[in-house]
Amino acid sequence: MRKKFILICCMVVATSMSYIRISEARELPIYVPGEVLVKFTPGSSMQEVQAILGQIGAGIIKKFSFMVIYNIKIPANLPVEMAIRFLRADPRVVYAEPNYYRYLNLTPNDPQYSQMWGLNNSGQTGGVLDADIDAPEAWNIQTGSPSIVVVDIDSGMDLIHEDLAVNLWTNPGEIPGNGVDDDGNGFIDDIHGWDVIDNDNDPTDTSPSCGGHGTHTAGTIGAVGNNGKGVVGVNWNLRIMPLRVFGGFLCSGSDANIISAIEYYTGFGVRVSNNSYGGGPFNQAQEDAIRASQSLFVAAAGNGGFDGRGHNNDVTPEYPASYPLDNIISVAATDDNDAKAGFSNFGITSVDLGAPGVDILSTLPGNAYGLLSGTSMATPHVTGAAALLLAQDSTLTNYEVKWRLLKGTDFKGYTVLTKGRLNIFKALTLNPQIIIDVTPLGPTDINPGDTVQYRVTIINLSGFPKTVTRKIYARHPDGMEGDLEAEATIDLNGGQTLIQNFTVVIPSIVPPSHFGAHDLVGRIWTSGFADFSEDEVLYNILP
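Model, not experiment: these values are computed from the prediction.

Undergrad: Requested: an account of the pairing of strand β28 (residues 516-525), with residues and values cited.
TA: In terms of burial, β28 is largely enclosed, as 9 of its 10 residues are buried. In the sheet, strand β25 (residues 466-475) pairs with β28 via 7 bridges, with the strands oriented antiparallel. In the strand pairing of β28, A474 is matched with L520. The antiparallel pairing of β28 with strand β29 (residues 532-541) creates a hairpin that spans 6 residues between the two strands, and G528 there sits at a positive phi of about 70°.

Okay, here's the thing in structure tokens:
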């Protein structure tokens, strides 16, 4: 429970090469030439940063303020690898990395086929009855809410599509067409999202090379329901914030642009993002950005290698899906026979669950509809399901949403963490038998050196004894976590309520990056995460 008081392309990557070979006739660049992502040590002044960069003739393209990471431009005659070696040698540099490209993940298929088996499989495609996510059963409980906003980081969206326009997000703090940044977020007239590629306020899905990828994923998340037109999304009613990051001849998106998109939606407090892309090497800046977003980051597991067959992400990671972050949900693709799609990546520790991703019917630009396949198509099923859970109960924490999605899967024996496929009806109807509640016993606006007192209440709702593990920690503005109490194992009798009071002293010297909003989090779970509960209280450390 939350409380407040106050597009992947099939690829194999070799990091020492400047290109990725995906076929005998086509190569894709690994990183943006002439650009580097750099993080400096906390407290480094702008004068120091500019002095370091000046030694190699580099300049600042953009500073990501929510993480203090710089996207820099180096001279054309300076190889990226040499610039990185120079920067890494300076003790004031935390890391320096290439600005990697990522690619979308889709496989076009027969446009004549027009049945949405992934939502409700009656065997209409010759597949297995009920090899679906039980959407109709879920819709008897919840069809969505316009108060829930979902971000789609992709190739943009057809903003006037007959089946999407009603569910398009509108920035409540911006006045259309007045040429003024009304909400002060640094973006002028960003009424319906942002085009990060062209740095303008029109995130329309226009790149032919992307094949309408963003419009298709948006439709699976939230095509309007019960309107007598086209298709229906997992959510009938929500708001989709399109951020155009992928485009150009190769339909690529750089890590810097992806980080820019994450920074944009984090400023609005959006809790769920769809990320149907991947590939390329590990990038610390991208991992830091995902952590700092403090959102549920639903990501495609990837579409395998040269042979069109999925690989094991436990062995060959696929980023961003493979970053070891609790707020990532990694999604494999399944077919209408309830089998893992042959092209889909897998991994018993690195991929969380499967979802329909073969011959998925959804929206395409120009009021069109069509079939696409890929883990890109599986991912928005899970994104839409997360939004449906929040529409049902907006007090759920991100990890309570994730627990319900994973715990509610149908067991299929896949080589993924849950061994199962998404079932949104089960996720909606899960009732944990344990509850934790965190209550502040004083002000939540605090200063360095203050003493904070809070109460933790744990309830066993069942009539049977349960053993729970309790964890109490703080989540900082950058998403990093620190334990406030030692992890404890507690035995509870059936129906028992346990109340504990705690005190923590805020250090008198706080790093500048730790001023601002912190979550004080209480979490409990039983063996194998059979039951799970979490509660958050927002504290604000004043400078």
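Still more ground to cover, so stick around.
Undergrad: Can you tell me about the side chain of S322, naming the residues and giving the values?
TA: Locating S322 in the fold gives a position in the loop between β15 (296-300) and β16 (328-334). Non-local contacts of S322, meaning those with residues more than four positions away in its chain, are made with N313, P317 and S350.

Undergrad: Run through the state of the cysteines, naming residues and quoting values.
TA: Scanning all chains against the criterion turns up 1 disulfide. Shown here is the disulfide that connects C210 with C251, its sulfur atoms set 2.0 Å apart. As the torsion about the S-S bond is roughly 110°, the C210-C251 disulfide counts as right-handed. In this pair, C210 is assigned in the loop between β10 (194-195) and α4 (213-222) and C251 in the loop between β11 (237-244) and β12 (252-254), connecting sequence segments 41 residues apart. Of the two residues, C210 and C251, neither departs from the other in class, the shared state being buried.

Undergrad: Describe the sheet that holds strand β27 (residues 497-505), naming the residues involved and giving the relevant values.
TA: With antiparallel pairing, the 3 strands of this open sheet are ordered in space as β22-β24-β27. Looking at the sheet topology across the chains shown, the edges are occupied by β22 (434-440) and β27. Strand-to-strand twist of the sheet, defined as the mean angle between neighbouring strand axes without regard to direction, takes the value 20°. Inspection of the sheet shows strand β24 (residues 451-460) paired to β27 by 9 bridges, in the antiparallel sense.

Undergrad: Requested: an account of the confidence of the model for the protein, with residues and values cited.
TA: Confidence along the protein averages 90 in pLDDT terms, with 93% of residues attaining 70 or more. Contacts of residues 3-26 to residues separated by more than four positions or lying in other chains number 85 contacts, the stretch itself having pLDDT below 50. Across residues 107-114, confidence stays below pLDDT 50; counting only partners more than four residues off in sequence or on other chains, it has 13 contacts.

Undergrad: Kindly report on the nonpolar core, identifying the contributing residues and their values.
TA: If you look at the biggest cluster of nonpolar residues, it comprises 49 residues, and the most contacted ones within it are I329, V382, L405 and I424. Top element by residues in this core is helix α7 (residues 375-392). It accounts for 9 residues. When neighbours within four sequence positions are excluded, I329 is seen to be in contact with L296, F297, V298, A299, D352, L353, V382, K402, L405 and L406. Listed in part, the 38 residues of the second largest apolar core include M67, I153, A285 and A321.

Undergrad: An account of α4 is needed here, citing residue identities and associated values.
TA: The α-helix advances 3.6 residues per turn, and as a result positions three or four apart in sequence lie on the same side. The element α4 is extensively covered by neighbouring structure, given that 10 of its 10 residues are classed as buried. Restricting attention to buried positions, one finds in α4 the residues H213, G214, T215, H216, T217, A218, G219, T220, I221 and G222.

Undergrad: Run through unusual backbone geometry, naming residues and quoting values.
TA: In this structure, P320 follows Y319 across a cis peptide bond, with omega equal to 15°. Inspection of the secondary structure puts P320 in the loop between β15 and β16. Positive phi, normally seen in glycine, also occurs at N367, with a value near 55°. Among the structural elements, N367 can be located in the loop between β18 (360-364) and β19 (368-373).

Conventions we followed
- Residues numbered from 1 in each chain as written.
- Predicted model: local features only at pLDDT ≥ 70, side-chain atom pairs only at ≥ 80, totals over all residues.
- Heavy atoms only, no water.
- Buried < 20%, exposed > 50% of the residue type's maximum accessible area, 1.4 Å probe, protein only.
- Helix = DSSP H or I, 4+ residues; strand = E, 2+ residues; numbered from the N terminus.
- Pairing = 2+ DSSP bridges.
- Contact = heavy atoms within 4.5 Å.
- Disulfide = S-S within 2.5 Å.
- Axes fitted to C-alpha atoms, helices over the stretch in contact; angles between N-to-C directions.
- pLDDT = per-residue confidence, 0-100.
- Core = buried A, V, L, I, M, F, W, Y, C linked by side-chain atoms within 4.5 Å.

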